[in-house]
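Here's the letter readout for the chains.
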There are 2 protein chains.
Amino acid sequence: MSNNHFRRGELYSFITGKASTAIARRLQKKFNSAGLNVTIEQWSVLYHLWKQDGISQQELCNATFRDKPSITRLVDNLERLQLVKRVSSDADRRMNLIYLTRQAQKLQEQSMEIAEETLNEALEGVPPERIEICKEVLQIVYDNLK
Amino acid sequence: MSNNHFRRGELYSFITGKASTAIARRLQKKFNSAGLNVTIEQWSVLYHLWKQDGISQQELCNATFRDKPSITRLVDNLERLQLVKRVSSDADRRMNLIYLTRQAQKLQEQSMEIAEETLNEALEGVPPERIEICKEVLQIVYDNLK
DNA sequence: GACATATAGTTGTTTATACAACTATCCAAA
DNA sequence: TTTGGATAGTTGTATAAACAACTATATGTC
């Protein structure tokens, strides 16, 4: 018997991801206001390239939980914006290694500040130990389903 | 001073909604396997109509946190699938009242069971009091940003 | 009653996601 | 060395979200 029987109505928010949608929308608005001309999805790709530059599209798929066509098109758009460059790997010519341009490197600091600011607004008034529990629960959910 | 300063990396999952994305993908797969020919987004509209039939598109916007064009097109698609019908209101002819068809009424029980089952899988191993805290935190996040 | 303004819904455009089908390259086993 | 399977990436198609611009109807005020 499950101990997790949901009351109606509680179910809806969990499935639709109300909270993360609200965070993403707020972050997008802040990017726009700051004149940062990137979508949240593009930013999420840059985010991983800032951590490690020159990784393959497949590694970006794994890091961002997207499928290959999604990454192909995000990289297409980032390339069009001159924020990344595809360089086909010498070691394995099936692979594209994705490199940040100087322009993208300049976005890092400002956009990360805006992201932190957004999360602080989102979590205002929530005690740290409750944030911790929430994060752990969401991680378990992800692990249960992946 | 904020007590919610995020360590790098924690930030990412919150913004991208990894957990709710995983739930939605699992639910969609289960719908497909069961031969339920609806998307999660369409289901989320039906969900509110099952609670109250014959509401306006604007009310669906509020209930589902979507903008008007999104609801216009979801209702377009639901109408094409013969799951809902637009009926223009006598009282205010700007409004469309959206009514479930018999076919949509038949989907309710099975799809709600699948949704509950999915959430139970997602939350397996999470004690109820931690689910409660998680829900409260996500609600505060939403309220902080809306 | 006429007009300004607000509200309900639609359409156009861009970006993104999911799935299936495809091409190119790599690698291992016969 | 050939061949068959696996892997990396692309393309086609359908659905959806966000934003701006639009039409039609309602309402409050003069």
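Coordinates for the structure precede this section.
Presented here is an overview of the structure given in this document. (Residues numbered from 1 in each chain as written. Chains lettered and ligands numbered in written order. Predicted model: local features only at pLDDT ≥ 70, side-chain atom pairs only at ≥ 80, totals over all residues. Heavy atoms only, no water.)

Moving on: the relation of the copies chain B and chain A. When chain B is fitted to chain A, the best match, at an RMSD of 0.0 Å, comes from turning it 180° and sliding it 0.0 Å along the axis. The transformation relating the two chain copies, once decomposed into turn and shift, fits a two-fold axis. Minimal C-alpha distance to the rotation axis in chain B is attained by Cys134 of chain B, lying at 2.2 Å. The residues that chain B uses at the interface reappear at the interface of chain A in 100% of cases, marking a shared surface. (Least-squares fit on C-alpha atoms with pLDDT ≥ 70 in both. Contact = heavy atoms within 4.5 Å.)

Taken as a whole and judged by the stated rule, the model has 6 aromatic pairs over all chains. Residues Trp43 of chain B and Tyr47 of chain B carry aromatic rings whose centres are separated by 5.4 Å and whose planes lie at 50° to one another, so their mutual orientation is tilted. Of this pair, Trp43 of chain B and Tyr47 of chain B both sit in helix α3 (residues 40–51), 4 residues apart, roughly one helical turn. By the burial criterion, Trp43 of chain B is buried, and Tyr47 of chain B matches it. Grouped by ring-pair contacts, the aromatic residues Phe31, Trp43 and Tyr47 of chain A constitute a single cluster. (Phe/Tyr/Trp six-rings, centres within 6.5 Å; stacked < 30°, edge-to-face > 60°. Helix = DSSP H or I, 4+ residues; strand = E, 2+ residues; numbered from the N terminus. Buried < 20%, exposed > 50% of the residue type's maximum accessible area, 1.4 Å probe, protein only.)

With that out of the way, let us pick up the protein's contact with DNA strand D. Residues in close proximity to DNA strand D total 26 residues, the closest being Arg25, Gln58 and Arg73 of chain A together with Thr39 and Asn77 of chain B. Considering the 4 Å shell around the protein, atoms of DNA strand D inside it are sugar or phosphate in 59% of instances. For DNA strand D, a phosphate oxygen lies 2.7 Å from a polar atom in the side chain of Gln57 of chain A. Here a base nitrogen of DNA strand D and a side-chain polar atom of Arg73 of chain A are 2.6 Å apart. Listing elements by their share of the surface near DNA strand D, those giving two or more residues are α4 (57–64) and α5 (68–80) of chain A together with α3 and α5 (68–80) of chain B. Per element, the largest residue contribution to the surface near DNA strand D is 6 residues, and it comes from α5 of chain B. (Near = heavy atom within 4 Å. Polar contact = N/O pair within 3.5 Å; in protein donor to acceptor, adjacent residues only side chain to side chain.)

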